[in-house]
2 protein chains.
Amino acid sequence: MKPSEIIYRPIGIIHSEHTVAEKTPIQPVYAEGCKGYAEVFPDFTEGLKDLEGFSHIYLIYHFHQSPQCKLIVKPFLQDIDRGIFSTRAPFRPNPVGLSVVELKKVERNILHVDGIDVLDGTPLLDIKPYTAKFDSCNVKNSGWQDQIDEQTAQKRGKRGYCRL
Amino acid sequence: MKPSEIIYRPIGIIHSEHTVAEKTPIQPVYAEGCKGYAEVFPDFTEGLKDLEGFSHIYLIYHFHQSPQCKLIVKPFLQDIDRGIFSTRAPFRPNPVGLSVVELKKVERNILHVDGIDVLDGTPLLDIKPYTAKFDSCNVKNSGWQDQIDEQTAQKRGKRGYCRL
């Protein structure tokens, strides 16, 4: 038996300078210098206590402008068909986005972040601390991404948008 | 205006040896040697193409046994009240779980993984490749977690369950 549907509600909204999906950098590593903020709805402000001590956080969000799911996609970094789960592309069965961003400052219910690769107005689902202990892994292989040289990755990753 | 509700459906089920929430390790780093697998429903098998080349993957899942949301919690690692978003505890407004696990083998729609810290039967929402480039950050501070010595973290993190 497949479990039934799961209902989430946004805890806030991500604000950024990225207003066109096609020009939004694809990952924080290609969005250096792109500032933005996560506005957490006041009902949840209490849950932000102690977050300021972390230099990096995960933003988990809903790709609200993602069109229909595709199981095979050409990733932004490469013109070769890849399985959706081997990419970070938005056309996922559940369009959940995940970015690690640098947390610069917390002002009440506003989290100021750097390296934002998220479209303006994106619904925020969760925030988690990123820690060296839990999240910084000794990666042996990065699959098809290992085929991409740094110059190509930088060019395609930034998608012509971000100031540096 | 707050955006309306977001509906997701599981893409699979996580299977592990952890059958009691209170005895489940709290993060993969404390679940070394704990094997398990993610069963992806056959409808989505095609999307797993090219995943095998990655040594680590993110599992994004729904904490299906999580009781009601709490904005202030005592984390498993420390007896001090902390804001929920500065912890990885399950009692979140949207009970989304995130673990980085080592991908050992892909057999059709089954992903065999190591370091599983997830309760058996947990609904799987998404799978993403973990890459050195996107996800391995140079963390300066890990907030309250920096206060915890390694011995305490190991003892509390494993929660008495995992074989090593």
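Everything discussed here concerns the structure shown above.
Each value, and the rule that gives it
Throughout, residues of each chain are indexed from 1 in the direction in which the sequence is written. Chain labels run from A onward and ligand labels from 1 onward, assigned in the order the entries are written. Per-residue local features of the predicted model are confined to residues with pLDDT of at least 70, and side-chain atom pairs are confined, for both listing and counting, to 80 or more; whole-chain, interface and lining totals are unaffected and use all residues. Strands here are runs of E lasting at least two residues and helices are runs of H or I lasting at least four, both read from the DSSP assignment and numbered beginning at the N terminus. Three exposure classes are used, all based on how many other C-beta atoms lie within 10 Å of a residue's own C-beta (placed from the backbone): buried at 20 or more, exposed at 12 or fewer, and partly exposed between those limits. What counts as a contact here is a pair of residues whose C-beta atoms, placed from the backbone, lie within 7 Å. Put simply, a nonpolar core is buried Ala, Val, Leu, Ile, Met, Phe, Trp, Tyr and Cys residues tied into one set by C-beta atoms within 7 Å. Strands were regarded as paired on the criterion that DSSP finds at least two bridges between them. Between the N-to-C directions of two axes lies an angle of 0 to 180 degrees, each axis being a line fitted to C-alpha atoms and, for a helix, fitted only over the stretch in contact. Residues below a pLDDT of 70 in either copy are left out; the C-alpha atoms of the rest, at least 70 in both, set the least-squares superposition of the copies.

Colleague: How do you make sense of the overall build of chain A when you look at a structure like this?
Modeller: Helix and strand counts for chain A come out as two helices and nine strands. Of the regular secondary structure in chain A, the N- to C-terminal order runs β-β-β-β-β-β-β-β-β-α-α. In terms of overall dimensions, chain A has C-alpha extents of about 50 × 45 × 35 Å along its principal axes. By residue count, 51% of the 164 residues in chain A fall in the buried class. Look at the contacts in chain A between residues 6 or more apart in sequence, and 77% of them connect residues 24 or more apart.

Colleague: Looking at this model, I keep getting lost on the nonpolar core. Mind explaining?
Modeller: Grouped burial of nonpolar side chains is what soluble globular proteins tend to show. By size, the foremost hydrophobic cluster in this structure holds 77 residues, and its most contacted members are I57, Y58 and L59 of chain A together with I57, Y58 and L59 of chain B. For I57 of chain A, the residues in contact, after removing those within four places along its chain, are L51, V101, L103, I127, K128, P129 and Y130 of chain A.

Colleague: Explain the environment of P67 of chain B here, please?
Modeller: Relative to the elements of secondary structure, P67 of chain B occurs in the loop between β4 (56-62) and β5 (72-73). In this structure the C-alpha to C-alpha distance between P67 of chain B and G53 of chain B, which are 14 residues apart in sequence, comes to 37 Å.

Colleague: How should I be thinking about the sheet that holds strand β3 (residues 35-40) of chain A in this particular structure?
Modeller: In any sheet, the strands associate via hydrogen bonds between backbone groups, in a parallel or an antiparallel arrangement. Residue and element names in this part refer to chain A. Pairing in this closed barrel of six strands is antiparallel, and the strands run β2-β3-β8-β7-β4-β9 around the ring. Averaged over all pairs of adjacent strands, the angle between their axes in this sheet comes to 45°, without regard to strand direction. Summarising the sheet, strand β2 (residues 12-16) and β3 pair through five bridges and their orientation is antiparallel. Within β3, the residue paired with I13 across the bridge is E39.

Colleague: Help me understand the relation of the copies chain A and chain B in this model?
Modeller: Both copies of the chain are tied together by a single rotation about an axis and a shift running along it. Placing chain A over chain B gives an RMSD of 0.0 Å and needs a rotation angle of 180°, together with 0.0 Å of translation along the axis. Such a combination of turn and shift is consistent with a two-fold rotation axis.

Colleague: Would you explain the sheet that holds strand β9 (residues 122-129) of chain B in this entry?
Modeller: Residues and elements named next belong to chain B. In space, the six strands of this closed barrel follow the order β2-β3-β8-β7-β4-β9, with antiparallel pairing throughout. If you compare each strand with its neighbour and ignore which way they point, the axes differ by 45° on average. Inspection of the sheet shows strand β2 (residues 12-16) paired to β9 by three bridges, in the antiparallel sense. Of the residues in β9, the one forming a bridge with G12 is L124.

Colleague: For this particular structure, what's the right way to read the environment of I60 of chain B?
Modeller: Among the secondary structure elements, I60 of chain B is positioned in strand β4. Under the C-beta neighbour-count criterion, I60 of chain B is labelled buried, with 22 such atoms within 10 Å. Sequence separation between I60 of chain B and S142 of chain B is 82 residues, and the spatial gap between their C-alpha atoms is 22 Å. Beyond its immediate chain neighbours, meaning those up to four positions away, I60 of chain B contacts V96 of chain A together with V96, L98, L125 and D126 of chain B.

Colleague: Whenever I open this one, unusual backbone geometry confuses me. Can you help?
Modeller: Note on backbone geometry: most residues besides glycine have negative phi, and most peptide bonds are trans. Located in the positive-phi region is R108 of chain A, a residue other than glycine, with phi close to 50°. Locating R108 of chain A in the fold gives a position in the loop between β7 (96-107) and β8 (110-114). Although it is not a glycine, D50 of chain B sits at a positive phi angle of roughly 75°. Mapped onto the elements of the fold, D50 of chain B is located in the loop between β3 (35-40) and β4. Owing to 22 C-beta atoms within 10 Å, D50 of chain B belongs among the buried residues under this scheme.

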